[in-house]
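Overview (structure and organization)
If you want the building blocks of each chain, they are given just below.
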Amino acid sequence: MKTQVIYMNDLKVLRAEKTWQRAGAYSVRIQGMNRQYHIALQDEFDEHDGEKSKYIVLLDDEYPVATCRFYELDKSTVLVGRVVVLPEYRGQRLGSRVIKEAEKWIKELGYNQVRIDSRVEAVGFYEKLGYTRMDDEVIKSWNFDCKRMYKVLRGRKTKNLDKYRGCLIGGAAGDALGYAIEFWDEKSIFRKFGEKGITEYELTNGKALISDDTQMTLFTANGLLYGTTRGRMRGIMAPYPSYIANCYKDWFRTQTESYPVDKEKPFAYSWLLDIPELFHYRAPGNTCMSAISVGTYGSVNEPINRSKGCGGVMRVAPVGLYFDNGTIPDSELDMIGAEAAAITHGHELGYILAATMTHIIRRLAHEDISMEEAVRSALNTTADMFKNAKEIGYYLSLMNKAVELSAKDISDLEAIHILGQGWVAEEALAIAVYCALKYPDDIDKALIAAVNHRGDSDSTGAIAGNIVGANVGLSGIPEKYKKNLELYDVIIEIADDLYNDCKMSEYGDYEDDVWVSKYIERTYLK
């Protein structure tokens, strides 16, 4: 017999906490689950039903017609379940309505993340509501096949110059701290610097030297700003990765030529070529150097090689800073980061991680959210973006291990040994994320943990510094990391440019001579 559809009046939303209110939720579940699916009462009603759970009930003229239940899994996460709409009320988007009402309440209660164990046939419904799967594992819930899904609830939007500066200075600080001990074994590190390892800059001619990590980060930012300026002043522009790639060609000149260089032959795109201090060979990665020297740049769809070194992920923080959350989907913004890495690194794990890194930085820099929320959101989105990638399962497993280790009472060095050494991209990001989650509000501890190991210390330090720096801002970075940092003023200037952006347009009257000099004439004008 076909179910009769009942068209509802205006619905009343009931946040059920009292016994008589919960009875409305139970009534819907008995009619919509027990009777329809022949589920026994003892299976439908479990240990989570009662005062510790909260319920949303939709009432049609005081008659309960839809419901869901949620309860706490941990201090940031709740599980939403028992989503039921009476058969005769289905097809009117009440399932979406009850979920959205639950999410409002969940945010008010201070939780950041929602988990749902969705029946396989309902996965598409939840994906439309913004939920993503972490993997393809099928779990059993009573007689139903289910998949675990997550959603991170958005924080309040912010745009804070302090965070832009903190992200880039934090990355440079981690880079400089770790560069002094890159390629050192742990016995040598702790023998020279003591049981905590290196905790202060090692100075060369009074400066804490940055490596190629920070150099390339600056050229990434230059490419973004050059592309936008060209688009706004000429009304046409190519995709951002093409401008970033051209700026990497300029960076290559700083590693192979002497200052000053002729910026017309070949044509240069970066005002950074007017900074003499950048013309120093700072252990650049072989993959970056060889890929750029060829002159044919890779992309996600057309990889140039099979490299998965960390040279792709360690330079993309400016992409996360530059693009705010708006009308463009997260996946499209994250893909710009992946494409920026794929210019030189063609292995799946050479560029997939750059999407994750871009997402984490963007969420921290532009929203009032926790480190855990930013990381979980990034992993969820990356999992969905690259669900068909061969290495996605391994990558997510490693990143989830980093999340798990950050909550355990073990030493940082022990945790890092489990995750790897950082020479390859997935290990570098996993180590950095571990340190960021372990010390989200203490960049000093995060950087010290991130660099004092036998692996790629400057890159793990730079990535961790970008992430935690975006969280705490420049004001949260101790003075010891600002003082004597090479190119401090240039890094601050690039951060400010990313924040302020190009305010000129082809048809506008506003003029900025300094901006024109840097991003049109490609000449530094102080």
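To keep things clear, this report deals only with the structure shown in the data block. Please read all numbers here as calculations on a predicted model, not as lab measurements.

What follows concerns the packing of helix α12 (residues 348–366) against helix α16 (residues 425–438). Closest axis-to-axis distance for the α12/α16 pair is 9 Å, and the angle between their directions is 25°. Taken together, the axes of α12 and α16 lie roughly parallel to each other. When α12 is examined against α16, the residues L349, G350, L353, T356, M357 and I360 are found in contact with a partner set consisting of A425, E426, L429 and V433.

Turning next to the layout of surface pockets. In this structure, the largest pocket spans a volume of roughly 890 Å³. Among the elements that line the lining of the largest pocket, the one with the most residues is strand β4 (residues 77–85), at seven residues. For the lining of the largest pocket, the class distribution of residues is 19 nonpolar, eight polar and twelve charged. Along the wall of the second largest pocket there are 17 residues; nearest its centre are G130, T132, R154, D330 and T381. The set of elements that each furnish at least two residues to the lining of the second largest pocket consists of β8 (144–152), α11 (330–342) and α13 (371–385). At five residues, the largest contribution of residues to the lining of the second largest pocket is made by α13. Its residues placed into classes, the lining of the second largest pocket shows five nonpolar, six polar and six charged.

Once that is clear, we can look at the nonpolar core. Membership of the largest hydrophobic core comes to 126 residues, with the highest contact counts inside it found for M357, F386, Y395, I463, I467 and L498. In this structure I463 touches V313, M314, M357, A428, L429 and A432, once residues within four positions along its chain are discounted. Residues I39, V65, V114 and I116 belong to the second largest nonpolar core, which totals 35 residues.

Looking now at the packing of aromatic side chains. Within the structure shown, the criterion is met by 19 aromatic pairs. With centroids separated by 5.4 Å and ring planes inclined at 90°, the aromatic side chains of F70 and W105 adopt a geometry described as edge-to-face. In this pair, F70 sits in strand β3 (residues 63–72) while W105 sits in helix α3 (residues 94–108), placing the two residues 35 residues apart along the sequence. For the pair F70 and W105, a shared accessibility class is recorded, and that class is buried. Where W271 meets Y524, the ring centres are 4.7 Å apart and the plane angle is 20°; that geometry is what we call stacked. With W271 in the loop between α8 (240–256) and α9 (286–294) and Y524 in the segment after α21 (513–519), this residue pair connects regions lying 253 residues apart in the sequence.

A few words on helix α15 (residues 412–419). Taken together, the buried positions of α15 are occupied by D412, A415, I416 and L419. Down the axis of α15, the smallest arc covering the buried residues is 100°, so these residues share one side. Buried positions along α15 lie against α14 (392–406), α16 and α17 (443–451). Looking at the residues trailing α15, positive phi occurs at G420, about 130°.

Here we take up empty space enclosed by the protein. The full count for this structure, using the stated rule, is three cavities of 30 Å³ or more. Looking at the largest cavity, the residues that line it are L168, G171, A172, D213, T214, T217, L218, M314, A462, N466 and I491. Elements with a contribution of two residues or more to the lining of the largest cavity: α5 (161–179), α7 (212–234) and α18 (457–472). Residue contributions to the lining of the largest cavity peak at four residues, all from α7. Class assignment of the residues belonging to the lining of the largest cavity gives a composition of six nonpolar, four polar and one charged. Considering the residues around the second largest cavity, the lining is formed by S76, T77, N112, Q113, V152, S370, E372, E373 and R376. Ranked by residues supplied to the lining of the second largest cavity, first place goes to α13 with three residues. Classifying every residue of the lining of the second largest cavity gives one nonpolar, five polar and three charged.

Where like charges cluster on the molecular surface, the negative patch consists of D509, E511, D513 and E521. Position of E521 among the secondary structure elements: in the segment after α21.

Let us now look at the state of the cysteines. Summed over the entire model, instances satisfying the criterion amount to zero disulfides. As a non-bridged cysteine, C502 has C247 as the owner of its nearest cysteine sulfur, 15 Å distant.

What counts and what doesn't
- Position labels on residues start from 1 in each chain and follow its written sequence.
- This being a predicted model, a pLDDT of at least 70 is required before a residue's local features are given, and a value of 80 or more before pairs of side-chain atoms are given or counted; all residues contribute to the totals for chains, interfaces and linings.
- In computing side-chain values, all of the structure's heavy atoms are included and hydrogens and water are not.
- Each axis is a line fitted through C-alpha atoms, and for a helix only the stretch in contact is used; angles between axes span 0 to 180 degrees, taken between their N-to-C directions.
- Numbering goes from the N terminus for both helices and strands, where a helix is a DSSP run of H or I of at least four residues and a strand is a run of E of at least two.
- Oblique is the label for every angle not falling under 35 degrees (roughly parallel), over 145 degrees (roughly antiparallel), or within 65 to 115 degrees (roughly perpendicular).
- The contact rule is simple, with two residues in contact once any of their heavy atoms fall within 4.5 Å.
- With a 1 Å grid laid over protein atoms only, a set of points is called a cavity when a 1.4 Å probe fits there but cannot get out and a pocket when it is open yet has protein on both sides within 12 Å along at least five of seven lines; lining residues have an atom within 4 Å of a point.
- Grid points are joined across faces, edges and corners, and a volume is the space filled by probe spheres set on the points.
- For this scheme, ten residues count as nonpolar: Ala, Val, Leu, Ile, Met, Phe, Trp, Tyr, Cys and Pro. Four count as charged, namely Asp, Glu, Lys and Arg, and the remainder, Gly too, count as polar.
- Buried residues of nine kinds, namely Ala, Val, Leu, Ile, Met, Phe, Trp, Tyr and Cys, make up a nonpolar core once their side-chain atoms join them within 4.5 Å.
- Burial classes: relative accessible area under 20% of the type maximum marks a residue as buried, over 50% as exposed, and values in between as partly exposed (1.4 Å probe, protein chains only).
- To pair, rings of Phe, Tyr and Trp, with the six-membered ring standing in for Trp, must have centres within 6.5 Å; the planes then decide the type, stacked if under 30 degrees apart, edge-to-face if over 60, and tilted in the middle.
- Along the arc lie the directions from the helix axis toward the C-beta atoms.
- Like-charged residues within 9 Å of one another, or nonpolar side chains (Val, Leu, Ile, Met, Phe, Trp, Tyr) within 5 Å, are grouped into patches, provided each residue has over 30% relative accessible area and no salt bridge.
- Calculation of accessible area relied on Shrake-Rupley with a 1.4 Å probe; when residues are assessed, cover is drawn exclusively from the protein chains displayed.
- The salt bridge definition used is simple: a Lys or Arg side-chain nitrogen within 4 Å of an Asp or Glu carboxyl oxygen.
- Asp and Glu are treated as the negative residues and Lys and Arg as the positive ones, with His and the ends of the chain left uncounted.
- The atom standing in for a charge is NZ when the residue is Lys, CZ when it is Arg, CG when it is Asp and CD when it is Glu.
- Defined by distance alone, a disulfide is two cysteine sulfur atoms within 2.5 Å.

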